[in-house]
Amino acid sequence: MNDLLVLSAEVAAAQGAGRPIVALESTIITHGMPYPQNLETARAVEAEVRAAGAVPATIAVMAGRIHIGLDDGALDALARSPDAMKLSRADLAVCLARGATGATTVAATMIAARLAGISVFATGGIGGVHRGAEHSFDISADLRELAETPVTVVAAGAKAILDLPKTLEVLETLGVPVIAFGQDAFPAFWSRDSGLRAPLRMDSAAEIAAAHKMRAALGLPGGQLVANPIPPEAEIARAEISPVIERALAEAAAAGIGAKAVTPFLLERLFELTDGHSLTANIALVLANARLAAAIAREIVGQS
């Protein structure tokens, strides 16, 4: 396994010194934003983690190896890559075997983080149960990964384009703790309140870190989902974004867009329909998640 993992100098030094590390995904770079905003955002998220007292480890597959942390040259190359594979649990081994370039989703980032001994991961929003899943059976592998891989994931809830009630039901069935940070409502990515109550609430990074460590002590599989609401000043209210999402979903259905192509299409269409506001909000929530993830990682190290 050591032959498959390449740790950046910064991450290797942090591990050697026992410093807190936060894993970061890479599909937000290759499939979530256009160049150069994707590169600027990736750099800003890494800087936010550092400013909050932890070390960032952006994860991607390059030349048949899993890179845990990317130097600036590798980050720039990934941001410009036109054909990086979008990697989940099902694709990770194939990409490695081919020696291809791949960007990691939530599920694949969790797998790589576990292999590298990283406990905390910050992302934008997790995947979940797609609308109409009772007919399409379109359910993200992120949910099962949360049930199997012991990484605490900080996200702004699940993406609002999903069926959020069904997503919460599946997470409950799989035994995944869903913890709203600082509020009772489950956030909906661009909006602070989805209209649904979160199963659990915690108000401090120390509480979340203690729960992470207690799961390990109990021998429980899987991780935790920490649902961190978008900062109020960046929010797009549910009443404003919901009709825009419905329009984009209808357009995707009419065009026959499905599977992995759905989310990138919807994010691009929402960017157009909101005059860029959805992207501005997306960046703000990722930065907020990076800050909280760093605080949790610091507490995990401090409680060890």
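None of these values were measured; they are calculated from a predicted model.

Asker: Pulling in residues and values, what's your account of the layout of surface pockets?
Answerer: Of the volumes computed, that of the largest pocket is approximately 660 Å³. Lining the largest pocket are 36 residues; nearest its centre among them are K86, T105, S140, D142 and T263. Of all elements in the fold, only α2 (27–30), α8 (141–148), α12 (262–273) and α13 (277–302) reach the threshold of two or more residues within the lining of the largest pocket. The biggest single contributor to the lining of the largest pocket is α8, with 4 residues. A class-by-class count of the residues in the lining of the largest pocket yields 13 nonpolar, 13 polar and 10 charged.

Asker: Any chance you could break down the pairing of strand β11 (residues 191–197) for me, citing the residues and the numbers?
Answerer: Bridge analysis of strand β10 (residues 185–188) against β11 gives 3 bridges, and the strand direction is antiparallel. Note that in β11 the partner of A188 across the bridge is S191. As consecutive antiparallel partners, β10 and β11 are separated by 2 residues, and within that stretch F189 has a phi angle of approximately 60 degrees, a positive value.

Asker: Before we move on, can you summarise unusual backbone geometry with the specific residues and values?
Answerer: Following Y35, the chain continues into P36 via a peptide bond in cis, with omega recorded as 5 degrees. Note that P36 resides in the loop between α2 and α3 (37–51). Residues other than glycine seldom take positive phi values, yet F189 does so here, at roughly 60 degrees. Along the polypeptide, F189 turns up in the loop between β10 and β11.

Asker: With reference to specific residues and values, describe a nonpolar patch on the surface.
Answerer: Taken together, the side chains of M214, L218 and L220 make up a nonpolar region of the molecular surface, amounting to roughly 310 Å² of accessible area. You can see L218 is positioned in helix α10 (residues 205–218). Owing to a relative accessible area of 59%, L218 belongs among the exposed residues under this scheme.

Asker: Explain the nonpolar core to me, and be specific about the residues and the numbers.
Answerer: Core analysis: the largest hydrophobic core is formed by 106 residues, its most contacted members being V22, I68, I126, W190, L225 and I296. Ranked by residue count, the leading element in this core is α13, at 14 residues. Residues in contact with I68, not counting those within four places in the same chain, are L5, V6, L7, S8, V11, A57, T58, I59, A112, A116 and I118.

Asker: Residues and numbers for the pattern of salt bridges, please.
Answerer: Under the definition given, this model contains 15 salt bridges. R291 is the partner of E48 in a salt bridge, and the nearest nitrogen-oxygen pair spans 2.8 Å. One end of the pair, E48, is in helix α3; the other, R291, is in helix α13, with 243 residues separating them in the sequence. The class for E48 is partly exposed, based on a relative accessible area of 21%. Note that D203 and R201 form a salt bridge whose closest N and O atoms lie 2.8 Å from each other. For D203, a relative accessible area of 45% translates into the label partly exposed. In this structure R201 comes out as partly exposed when scored by relative accessible area, which is 39%.

Asker: Tell me what's going on with the packing of α3 against helix α4 (residues 72–80), and back it up with residues and numbers.
Answerer: Packed helices, taken two at a time, are described by the angle their axes make and the gap between the axes. Between α3 and α4, whose axes approach to 9 Å, the crossing angle comes to 145 degrees. Crossing angle aside, the handedness with which α3 passes α4 is right-handed. On the side of α3, the interface is formed by N38, L39, A42, R43 and E46, while α4 contributes D72, L75, D76 and A79. The residue inventory of the contact of α3 with α4, partitioned by class, reads 4 nonpolar, 1 polar and 4 charged.

Cut-offs applied
Residues numbered from 1 in each chain as written. Predicted model: local features only at pLDDT ≥ 70, side-chain atom pairs only at ≥ 80, totals over all residues. Heavy atoms only, no water. 1 Å grid on protein atoms, 1.4 Å probe; cavity = no way out; pocket = protein on both sides within 12 Å on 5 of 7 lines; lining within 4 Å. Points joined across faces, edges and corners; volume = space filled by probe spheres on them. Helix = DSSP H or I, 4+ residues; strand = E, 2+ residues; numbered from the N terminus. Nonpolar A, V, L, I, M, F, W, Y, C, P; charged D, E, K, R; others polar. Pairing = 2+ DSSP bridges. Patch = residues over 30% accessible without salt bridge, like charges linked within 9 Å, V, L, I, M, F, W, Y side chains within 5 Å. Areas by Shrake-Rupley, 256 points an atom, 1.4 Å probe, with all protein chains shown as cover. Salt bridge = Lys/Arg side-chain N within 4 Å of Asp/Glu carboxyl O. Buried < 20%, exposed > 50% of the residue type's maximum accessible area, 1.4 Å probe, protein only. Core = buried A, V, L, I, M, F, W, Y, C linked by side-chain atoms within 4.5 Å. Contact = heavy atoms within 4.5 Å. Axes fitted to C-alpha atoms, helices over the stretch in contact; angles between N-to-C directions. Left-handed = near helix turned anticlockwise from the far one by under 90°.

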